[in-house]
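Residue-level structural notes
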Amino acid sequence: MHRSRRSVLATVAGAAGTGGSAALAGCSTFSGGPAPVRVLAAGSLQRALDDGLRDAVDAPIALEARGSAALARLVADGQRDPDVLALADVALFDRVLDDPWHAAFATNALAVATADTPGGRRVRDAAAADDRHWYDPLLAGDAALGRTDPDLDPLGYRTLFALDLLAAHHDRPDLREAVTAPDQVYPETALLSQLETGAVDAAVVYRSMATDHGYRTVDLPPAVDLSDPARADAYADATYDLPGGGVVRGDAIEYGATLRSREDDAARSVFAELLAGDYLDAHGFEVPDAFPRFTRDAPDAVADR
């Protein structure tokens, strides 16, 4: 039976019999205070966690944010050992980490953000015209599309998924190759700076990123924007081979998290608030009524059975 997001918070944070600031009593100290809860998170979550999650919990948080595929490999290789891991693609828990459980806690959609440049205006004008498509200026060489690295970041391979789905939708099989360039691939945070300085004219981004940064966007249709679970089978026609093995398929966007330090009360509290916090809505993420949704062998202490 589904519980409210607030009841999830109460269950997870209170399972050890403590919560809030009291949960910090048993933590080791760090520079004279409680040891921070180590959170590794998708780059697209960084602003929401910095501006929303930190204020919602009493525990100090040590946050590292970068591309989710890169984070998953760092954890799988033993180079990082976070208390809480939050990724932009739940498939990575299976494909890279082989974790026993995770919880889906938010969704998103893709959109095309545009810069305040001549090329960006051409993209917006093309999208507004009845007989043109937003990508026409890209095909004509009148605008440049920036993107993130698909080997490091789900936004990177989701950009390719969107272009492949759009190509099939518009019968333009050459679309991906025609509008992408290898010298316009950036880390997620660098992509935003390239867009803001006008070094690129457009970029496929998450809708939450556009909300956070106030970008002017071109909406993509549900058949392309990876927002509709009912279209999962159609999205799955697009695939990407991850380096080192594993294939990711197009799917409706879902963010997932797992608690790796279940005996640490402060980590439990941070994890519960990450799942249940209202800050997600304020930063442009969608939180379906059925979320958080626990999968597979979630411990009894963090999920109703």
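Above: the structure in question.
The following refers to the structure shown. Because the structure is a prediction, the values reported are computed rather than measured.

1. What to know about the overall build of the protein chain
- For the protein chain, the helix and strand inventory stands at 13 helices and 15 strands.
- Taking all contacts inside the protein chain whose residues are at least 6 apart in sequence as the whole, residues at least 24 apart take part in 73%.

2. A few points about helix H5 (residues 118-128)
- Every buried residue of H5 is listed here: Gly 119, Gly 120, Val 123, Arg 124 and Ala 126. The buried residues of H5 all sit within an arc of 160 degrees when viewed along its axis, so they share a single face. Of the exposed residues in H5, those oriented more than 90 degrees away from the buried face are Asp 125 and Ala 128.
- Each element contacted by the buried residues of H5 is listed here: strand E7 (110-114), helix H6 (136-139), strand E10 (202-206) and strand E11 (216-219).

3. Examining the nonpolar core
- Residues Leu 45, Phe 105, Leu 110, Trp 134, Tyr 255 and Leu 274 are the most contacted members of the largest nonpolar core, which totals 93 residues.
- When residues in this core are grouped by element, the largest group, nine residues, is from helix H7 (residues 154-170).
- With near-sequence residues (within four places) excluded, Trp 134 lies in contact with Val 112, Val 123, Ala 126, Ala 127, Leu 163, Leu 166, Val 218 and Leu 220.

4. A word on the sheet that holds strand E4 (residues 61-66)
- Sheet architecture is open: six strands sit in the order E4-E3-E5-E14-E6-E15, paired in mixed fashion. Each end of this open sheet is capped by a strand with a single partner; those strands are E4 and strand E15 (293-294).
- Pairing of strand E6 (residues 103-107) with E15, which is carried by two bridges, proceeds in the antiparallel orientation. Of the residues in E15, the one forming a bridge with Ala 104 is Arg 293.

5. Side note on the packing of aromatic side chains
- If you walk through the whole model with that rule in mind, you get eight aromatic pairs.
- Geometrically, the ring pair formed by Phe 105 and Tyr 255 is edge-to-face, given 6.3 Å between the ring centres and 65 degrees between the ring planes. With Phe 105 in strand E6 and Tyr 255 in strand E14 (residues 254-259), this pair connects stretches of sequence that are 150 residues apart. Each member of the pair, Phe 105 as well as Tyr 255, carries the same accessibility label: buried.
- Taking the centre distance of 6.3 Å and the plane angle of 20 degrees together, the rings of Tyr 157 and Tyr 240 count as stacked. Of this pair, Tyr 157 sits in helix H7 while Tyr 240 is found in strand E12 (residues 239-241), placing the two residues 83 residues apart along the sequence.
- According to the relative accessible area criterion, Tyr 157 is buried, its value standing at 1%.

6. Notes on unusual backbone geometry
- In the segment running from Phe 291 into Pro 292, the intervening peptide bond is cis, with an omega of 0 degrees.
- Position of Pro 292 relative to the elements: it lies in the loop between helix H13 (279-282) and E15.
- At Asp 98, a residue that is not glycine, the phi angle is positive and equals roughly 55 degrees.
- Phi angles above zero are rare outside glycine, and Asp 171 is one such case at about 55 degrees.
- By relative accessible area, Asp 171 is classed as exposed at 63%.

7. Here's the deal with the pairing of strand E5 (residues 84-87)
- Side chains Val 84 and Ala 86 of E5 all project onto a buried face; the interleaved residues Leu 85 and Leu 87 project onto the opposite face, where all are buried too.
- Examined bridge by bridge, strand E3 (residues 37-42) and E5 share three bridges and lie parallel to one another. Its bridge partner lying in E5, Val 39 is registered against Val 84.
- In this sheet, E14 lies alongside E5 in antiparallel orientation, the contact comprising four bridges. Bridge pairing links Leu 87 to Gly 256 in E14.

8. Some details on the pattern of salt bridges
- With the rule as written, the count across this model stands at twelve salt bridges.
- Between Asp 89 and Arg 158 there is a salt bridge; the shortest N-O distance is 3.5 Å. Of the two residues, Asp 89 is situated in the loop between E5 and helix H4 (91-97) and Arg 158 in helix H7; the sequence distance between them amounts to 69 residues. Of the two residues, Asp 89 and Arg 158, both sit in the buried class.
- In this structure, Asp 225 engages Arg 207 in a salt bridge whose closest nitrogen and oxygen atoms are separated by 3.7 Å. Here Asp 225, found in the loop between E11 and helix H11 (232-235), pairs with Arg 207, found in helix H10 (residues 207-213); they are 18 residues apart in sequence, far enough to count as distant.

Conventions used here
Residues numbered from 1 in each chain as written. Predicted model: local features only at pLDDT ≥ 70, side-chain atom pairs only at ≥ 80, totals over all residues. Heavy atoms only, no water. Helix = DSSP H or I, 4+ residues; strand = E, 2+ residues; numbered from the N terminus. Contact = heavy atoms within 4.5 Å. Buried < 20%, exposed > 50% of the residue type's maximum accessible area, 1.4 Å probe, protein only. Arc of directions from axis to C-beta. Core = buried A, V, L, I, M, F, W, Y, C linked by side-chain atoms within 4.5 Å. Pairing = 2+ DSSP bridges. Phe/Tyr/Trp six-rings, centres within 6.5 Å; stacked < 30°, edge-to-face > 60°. Salt bridge = Lys/Arg side-chain N within 4 Å of Asp/Glu carboxyl O.

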